[in-house]
Amino acid sequence: MSLDNEKIIRNAYQVAEDQDVAGWVAAFTEDGAFTDMSVPLTYRGPEELGKTVEVYAKAFPDMHRELGRFYVSGDVVIVQLRLQGTHLGPLELPSGTVPATGKRIDAPCCDVFELVDGKIQRFDCYAEGSVIAAQLGLA
């Protein structure tokens, strides 16, 4: 079971990296939610979940998630990773839009997933916002 859950999450990262909005939404339960804790902002359900991929693909078209360690306990998967990319487009945040800076980010992140029947019900992303802001020259 734990290997299956790790595989499900690895696949979800690949779908996001491929900028496959429909595939990303399909990885979630009907009532699934994604919270970007660095902003903070929660996207809920099929109508909103695709926006997460769209926003980051527009701001960082070369976004790469360098996956590190996986910790699996039943239906909970925790991942240590690094968010890497070049800020080439507008980054839409609740506080406003950050115009492209052309700068690279390489920021630590920890993601926590809760799965139900092989789908993501909850995804909390703890990206290190202060590192990202500093690397973009915003801090």
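Everything here concerns the structure above.
As the structure is a prediction and not an experimental result, all values here were calculated from the model.

Student: Explain the overall build of the protein to me, and be specific about the residues and the numbers.
Tutor: Of the regular secondary structure elements, the protein holds four helices and eight strands. When the helices and strands of the protein are listed from N to C terminus, the series reads α-α-β-β-α-β-β-β-β-β-β-α. Computed over the C-alpha atoms, the radius of gyration of the protein is 14 Å, within 12% of the 14 Å expected from 2.2 N^0.38 for a compact globule of 139 residues. When contacts within the protein are restricted to residue pairs at least 6 apart in sequence, long-range pairs at least 24 apart make up 57% of them. When the accessible area of the protein is evaluated, it comes to approximately 7,200 Å², of which 52% is carbon and sulfur surface.

Student: An account of the nonpolar core is requested, with residue identities and associated values reported.
Tutor: Judged by nonpolar contacts, the single largest core of 36 residues is most densely connected at Ile 9 and Ile 120. Put simply, the parts of the chain that give this core at least two residues each are helix 1 (2-17), helix 2 (21-26), strand 1 (28-36), helix 3 (45-59), strand 4 (76-86), strand 7 (104-116) and strand 8 (119-127). Leave out the neighbours within four places in its chain, and Ile 9 touches Phe 70, Val 77, Val 79, Phe 113, Leu 115 and Ile 120.

Student: Provide a residue-level description of the sheet that holds strand 1, including the pertinent values.
Tutor: Overall, mixed pairing links the six strands, which are arranged 2-1-8-7-4-3 in an open sheet. Single-partner strands in this sheet number two, and they are strand 2 (41-44) and strand 3 (64-73). Between one strand axis and the next, the sheet turns by 15° as a mean value, whatever way the strands run. Both strand 7 and strand 8 contribute to a ladder of eight bridges, which runs antiparallel. Along strand 8, the bridge assignment pairs Cys 109 with Ala 127. Against the sheet, helix 3 engages strand 1, strand 2 and strand 4, with an angle of about 125° to strand 2.

Student: With reference to specific residues and values, describe a negative patch on the surface.
Tutor: A cluster of acidic residues, Glu 30, Asp 31, Glu 47 and Glu 48, forms a negative patch on the protein surface. Of all the secondary-structure elements, those providing two or more residues to the negative patch are strand 1 and helix 3. Position of Glu 48 relative to the elements: it lies in helix 3. With a relative accessible area of 32%, Glu 48 lands in the partly exposed category.

About the thresholds
- Residues numbered from 1 in each chain as written.
- Predicted model: local features only at pLDDT ≥ 70, side-chain atom pairs only at ≥ 80, totals over all residues.
- Heavy atoms only, no water.
- Helix = DSSP H or I, 4+ residues; strand = E, 2+ residues; numbered from the N terminus.
- Rg over C-alpha atoms; globule rule 2.2 N^0.38 Å.
- Contact = heavy atoms within 4.5 Å.
- Areas by Shrake-Rupley, 256 points an atom, 1.4 Å probe, with all protein chains shown as cover.
- Core = buried A, V, L, I, M, F, W, Y, C linked by side-chain atoms within 4.5 Å.
- Buried < 20%, exposed > 50% of the residue type's maximum accessible area, 1.4 Å probe, protein only.
- Pairing = 2+ DSSP bridges.
- Axes fitted to C-alpha atoms, helices over the stretch in contact; angles between N-to-C directions.
- Patch = residues over 30% accessible without salt bridge, like charges linked within 9 Å, V, L, I, M, F, W, Y side chains within 5 Å.
- Salt bridge = Lys/Arg side-chain N within 4 Å of Asp/Glu carboxyl O.
- Lys, Arg positive; Asp, Glu negative; His and termini not counted.
- Charge placed at Lys NZ, Arg CZ, Asp CG, Glu CD.

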